[in-house]
Amino acid sequence: MSSPFRIAVINDEVSQDFGRSCEVISREFGLQWIELRAMWNKNILNLDAKEVAEARRILEKYKLRVTDIASPLFKVDWPGAPKSQYSPKGAQFSADFTFEQQGEVLERSIELAKAFQTDRVRCFDFWRLEDQAPYRAVMNARLLADANIAGKKGVTLLLENEGACNTGTAAEAAKVLAEVQTPSLMLNWDPGNAASRGEKAYPDGYALLPKERIGHCHCKDVTKKSDGKGYDWAAIGQGIIDWTGQFEALKRDGYHFAVSLETHWRGSGTAEESTRQSWAGMKEDLQKAGAF
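Residues numbered from 1 in each chain as written. Predicted model: local features only at pLDDT ≥ 70, side-chain atom pairs only at ≥ 80, totals over all residues. Heavy atoms only, no water.

S.K.: Before we move on, could you go through the packing of helix H8 (residues 243–252) against helix H9 (residues 271–288) and cite the residues and values that matter?
M.R.: At a closest axis distance of 8 Å, the pairing of H8 and H9 adopts a crossing angle of 50 degrees. Overall, the two elements H8 and H9 adopt an arrangement that is oblique. You can see that H8 and H9 cross each other, and the crossing is right-handed. For the pair H8 and H9, contact is made by Trp-243, Thr-244, Phe-247 and Glu-248 and by Met-282, Asp-285, Leu-286 and Lys-288, respectively. Here the contact of H8 with H9 is composed, by residue class, of 4 nonpolar, 1 polar and 3 charged. (Axes fitted to C-alpha atoms, helices over the stretch in contact; angles between N-to-C directions. Helix = DSSP H or I, 4+ residues; strand = E, 2+ residues; numbered from the N terminus. Parallel < 35°, antiparallel > 145°, perpendicular 65-115°, else oblique. Left-handed = near helix turned anticlockwise from the far one by under 90°. Contact = heavy atoms within 4.5 Å. Nonpolar A, V, L, I, M, F, W, Y, C, P; charged D, E, K, R; others polar.)

S.K.: Quick one: what's the story with the pattern of salt bridges, residue by residue and with numbers?
M.R.: Pairs may arise between side chains of opposite charge once their charged atoms sit close together. For the coordinates displayed, the defined rule picks out 23 salt bridges. The partner of Arg-20 in a salt bridge is Glu-272, with the nearest N and O atoms 2.6 Å apart. Linking Arg-20 in helix H1 (residues 18–28) with Glu-272 in helix H9, this pair joins segments that are 252 residues apart in sequence. On the basis of relative accessibility, which here comes to 29%, the residue Arg-20 falls in the partly exposed class. According to the relative accessible area criterion, Glu-272 is buried, its value standing at 18%. One salt bridge connects Arg-252 with Asp-253, and the closest N-O pair in it is separated by 3.2 Å. The exposed category is assigned to Arg-252, whose relative accessible area is 60%. (Salt bridge = Lys/Arg side-chain N within 4 Å of Asp/Glu carboxyl O. Buried < 20%, exposed > 50% of the residue type's maximum accessible area, 1.4 Å probe, protein only.)

S.K.: How would you summarise the packing of aromatic side chains if you had to cite specific residues and measurements?
M.R.: The full count for this structure, using the stated rule, is 12 aromatic pairs. Ring centres 5.9 Å apart and planes at 50 degrees place the aromatic pair Phe-5 and Tyr-255 in the tilted group. With Phe-5 in the segment before strand E1 (6–10) and Tyr-255 in the loop between H8 and strand E12 (258–261), this pair connects stretches of sequence that are 250 residues apart. An identical accessibility class is assigned to Phe-5 and Tyr-255; each is buried. Taking the centre distance of 5.8 Å and the plane angle of 75 degrees together, the rings of Trp-279 and Phe-292 count as edge-to-face. Of this pair, Trp-279 sits in helix H9 while Phe-292 sits in the segment after H9, and the two are 13 residues apart along the sequence. For Phe-292, a relative accessible area of 27% puts it in the partly exposed group. An aromatic cluster of at least three residues, connected via ring pairs, comprises Phe-5, Trp-243, Phe-247, Tyr-255 and Phe-257. Its end group placed over the ring of Phe-124, Lys-75 keeps NZ or CZ at 4.6 Å from the ring centre. Taking NZ or CZ as reference, Arg-120 lies 4.1 Å from the ring centre of Phe-257, over its face. (Phe/Tyr/Trp six-rings, centres within 6.5 Å; stacked < 30°, edge-to-face > 60°. Lys NZ or Arg CZ within 6 Å of the ring centre and 35° of its normal.)

S.K.: I'd like to hear about the state of the cysteines, residue by residue, with values.
M.R.: By definition, a disulfide links the sulfur atoms of two cysteines through a covalent bond. This model, assessed by the stated rule, comprises 0 disulfides. Note on Cys-123: no disulfide assigned, nearest cysteine sulfur contributed by Cys-165 at a separation of 9.7 Å. Judged by its relative accessible area of 0%, Cys-165 falls in the buried class. (Disulfide = S-S within 2.5 Å.)

S.K.: Hey, could you go over unusual backbone geometry for me, with residue numbers and the actual values?
M.R.: Pro-203 follows Tyr-202 through a cis peptide bond whose omega is 10 degrees. With respect to the helices and strands, the residue Pro-203 is situated in helix H7 (residues 201–208). A positive phi angle, near 55 degrees, is found at Lys-63, a position not held by glycine. Here Lys-63 is to be found in the loop between helix H2 (49–61) and strand E5 (65–73). Positive phi, close to 80 degrees, is recorded for Phe-126, a residue that is not glycine. Counting through the fold element by element, Phe-126 comes out in the loop between strand E6 (120–123) and helix H4 (133–152). For Phe-126, a relative accessible area of 0% translates into the label buried.

S.K.: How would you explain the pairing of strand E7 (residues 156–160) if you had to name every residue and give the values?
M.R.: Of all 5 residues in E7, 5 are buried, a share of seventy percent or more. Residue alternation in E7 divides its side chains into two sets, Thr-156, Leu-158 and Glu-160 and Leu-157 and Leu-159, and both sets are buried. With 4 bridges connecting them, E6 and E7 associate as parallel partners. Looking at E7, one finds that Val-121 is bridged to Leu-157. (Pairing = 2+ DSSP bridges.)

What follows is the structure, encoded as structure tokens:
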């Protein structure tokens, strides 16, 4: 397979059975890369030494390399700010860490990056506030400090634009990247998340981004709800995002990191079958873009 990108799938979008996920991604999809988030109903940060060793054994069996650790770093409320309407009542992706634990989350994420032989860790920038302006400078300072901690250990933080967090769109991401100037913080560009906040992710949102700061890309699709209020996830190729154009642009702009399928859509009933259908659409768009 020849591609300028590291074409990957997030493992738990297929199954919580890590061996099954790897089998599908490697042998059925024919891919060489995987993104790690949760397995065996545990967030990756909570795996013990035996489970890490078992995961590494399975990766070796299926000859899969790890793009990044999809950590929940900074998916918490900012202390002293009004509680976010997006703050969940329970664990997400089997993660439930407090703000006070974020230093430990960073340290553990870096340890796991080393264990799984990757130099990338995904992060966020706190549950979304109605008015983030009073807190933006201190949030940026925290991002800078932790990115530099990671950077000294050879790891890059990837800030994901996430609709439930303060950076949800390309426009918001461009502002944060301009204010947090360190090579140790790059963007996990997610057009689906941007579109779910009403931004035309490609080409409009993408045009705003500093291309040299994009370090990862999540692939999903969305459709507008029938009542016109909000969005639903969709299989790639069945939604409103021009993924062929986005892949062509990334290729043109010299991007060579991951394009990682994060289906979210469950229209086929099971996670595995929904991911399978979404991969079919993603593969077709990659082929049209001359990137697969």
